[in-house]
Amino acid sequence: AKRPATATIGRDLWATKQTRGQGISGQLSYALTLPAGSTEDFIFIIAGSTRSSEDAMATFQQMRSESAALVDRQRRRYQQVIDRTALHCNDELMETAFGWAKVNLQMLERTVPGIGQGVAGGFPDYPWWFGKDTTYSTLPLVASGQFELALASLRNLARHSNANNNDGGIAHEILTQGHIHDNGHLVEVPLFVRACYHAYCWIGDRAFLQEQYDFCKHGLLDLVLDEHSPDGDVCATGKGLIESRELQSGKGFKTLDIAAYTYEALLNLSEMALAMGDVEILPALQAKASALRERVNADWWLPEEGLFGDIYASAEEIVASHRALRAEMPLWPGDLLELDRSDVLLDQFFAMYKGQPEMSAQQGPWLLKHMIAATPMETGLASPEHAVQALPRLESAEFCGPWGIYLNPDRQRVTMSLPNGLMAAAEARYQRVDQSLAFSHKIASTVAIRMPGGFSDNPPDEGSFVQAWSSYGIIWPVMHYFFGFRPRAAEGKLWFAPHLPSSWQQARLENVRVGSANMTLDILRTNQAACIVLVTDDPSYEVTLGLITPEASNVQSVTFNGVRVSVSHACPDEFGSLYENSVWVPTTSGLQRYELRIVWE
């Protein structure tokens, strides 16, 4: 062991970032002389304890004596993550990023005895648990086969939220010391429902569904659509994704992201209710979802802008909120810029309705240009007619820079990995897979900039060097849209309809985990044909195969396991009415190999 030249302990030391609080830091300095062309290995062991220095020293001694075995165990653990749901395709950047995205999620697991276990937000700035990060990260976790970490993360979030809030609300920040730093933002409730739904679809764990169903139902119906909707409006008032003073002050506003995720969560909860046998609630859930979709598409849409409004409020409500905020001190420059920009919109409004004071009390949509503009398309809330107008504008130089979509082109021209992920999912949902891939590439292209294998949260090289929700924009579009996986593990059912980007001629997924089954998928596409092969070790699954392609109407022949079959162009409910250009063959079960060949003109 090499001894340090100096060792310093103090409160004024810091490495990546100066922090406040009662913590203390240590600094070790080493003198190192290396002859030209030589190398020397350093192994650092860091041990701690929540109980005593003696326990910390005992852990240190164990780690030192067993370091080789521990490293080997960790290596095998990560190799399992790499081998499971392994992507191979003719897109080297995405193939590399997909593998690292799985590893990043595993790297961020935090297990604290007596406190909890789950995926952390990011390193180095956010090494604790978050509501938003957990709910977004659940989708790539389950799609990449990391079932145990997904369930542990959701249970950890629910347990702390229940203990602290007891109203169905989801905690926003849970420190690994066990303290709740922020009770939660309303948008995290529907995001949690969505996460639980997809976890159940992929894993099929009925015990997990039974644990979380009442909690999800209570949060969405009683908190979001009752307590935060006192006027009976299906669009709830609360705090959403945009963590700005303007939109987080007071009780918040009716924001576009809360509306969009509430819509999706209502549909997800109806599927969970069906699985639970709670059929009496289904008509109400479906009616609320339908009303919400109709309401937002009719009232929040701004035809002259080709976008939905960020918030739905009256001029009086915005003025009153601004007045209260300006009375608070201090306001940061970014806060003032945000208020000033909205004040310009208010001036335009009052000039337009001069002499009509009654208009000030009338609620309507306001375009603030935050990145939440993507959420109606991400969730399927937007009508196809509105999506085809909104997405090209969001792709334009007005909203996007070289590293992706801005948080706000007028107020905060900064990019983050999550908004790029929202755009990737939004584009793919409306069959714009090439545009979806472009946004996934924005995230993937940071893979070697700050940390080898990590994706910068603020591309190209700012923010956390590894962030859990970055994987959402890489893994989820590939699994849910490009490969078209729709599993219902508890029911032993699988729908699989790929829609590859035009630059992907071939793609393969090995060792995909669906419930207790293991599956491998191959897709080969040419200008006039496609071949899809699914191999599973569980022949009991009911499998429905299809293909989403612009050439669906020109199909000449379809064979299934070498036999010519009739096809349907009616999309199953699992894919929704948006997927019009599709070809489907009848559901089959009892096989271990399924081969679908489609030829078109």
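Below or above, wherever it landed, is the structure these notes cover. Just so you know, these numbers come straight off a predicted model, no measurement behind them.

### Comments concerning the nonpolar core
Among the nonpolar cores identified, the biggest contains 173 residues, and Trp202, Met377, Phe483, Phe485 and Trp504 are the most heavily contacted of them. In contact with Phe485, other than residues within four places in its own chain, are Trp202, Met479, His480, Leu494, Trp495, Leu509, Val512, Val514 and Leu521.

### Some thoughts on the packing of aromatic side chains
Counted according to the given criterion, the structure contains 20 aromatic pairs. Relative to Phe42, the ring of Tyr30 has its centre 5.5 Å away and its plane inclined at 80°; by these criteria the two rings are edge-to-face. Note that Tyr30 is positioned in the loop between strand S2 (25-29) and helix H1 (53-65) and Phe42 in the loop between S2 and H1, a separation of 12 residues in sequence. Note on Tyr30: relative accessible area 29%, which makes it partly exposed. Phe42 gets classed as partly exposed once you look at its relative accessible area, which sits at 30%. Between Phe560 and Tyr594 the ring centres are 6.2 Å apart and the planes differ by 45°, which places this aromatic pair in the tilted class. Highlighted residues: Phe560 in strand S26 (residues 555-560) and Tyr594 in strand S29 (residues 593-600), separated in sequence by 34 residues. No difference in accessibility class separates Phe560 from Tyr594, as the two residues are buried. Feature note: the residues Tyr136, Tyr261, Trp469 and Tyr472 constitute an aromatic cluster, connected by ring pairs.

### With respect to empty space enclosed by the protein
Under the criterion given, the structure shown has 3 cavities of 30 Å³ or more. Empty space within the largest cavity amounts to approximately 50 Å³. Around the largest cavity sit Glu246, Phe253, Ile311, Ile318, His322, Ser342, Leu345, Leu346, Trp366 and Leu368, which together line it. Counting residues per element, the ones that place at least two in the lining of the largest cavity are helix H11 (315-327) and helix H12 (333-352).

Reading the values: the criteria
Residues numbered from 1 in each chain as written. Predicted model: local features only at pLDDT ≥ 70, side-chain atom pairs only at ≥ 80, totals over all residues. Heavy atoms only, no water. Core = buried A, V, L, I, M, F, W, Y, C linked by side-chain atoms within 4.5 Å. Buried < 20%, exposed > 50% of the residue type's maximum accessible area, 1.4 Å probe, protein only. Contact = heavy atoms within 4.5 Å. Phe/Tyr/Trp six-rings, centres within 6.5 Å; stacked < 30°, edge-to-face > 60°. Helix = DSSP H or I, 4+ residues; strand = E, 2+ residues; numbered from the N terminus. 1 Å grid on protein atoms, 1.4 Å probe; cavity = no way out; pocket = protein on both sides within 12 Å on 5 of 7 lines; lining within 4 Å. Points joined across faces, edges and corners; volume = space filled by probe spheres on them.

The values reported here are purely geometric and, on their own, carry no functional implication.
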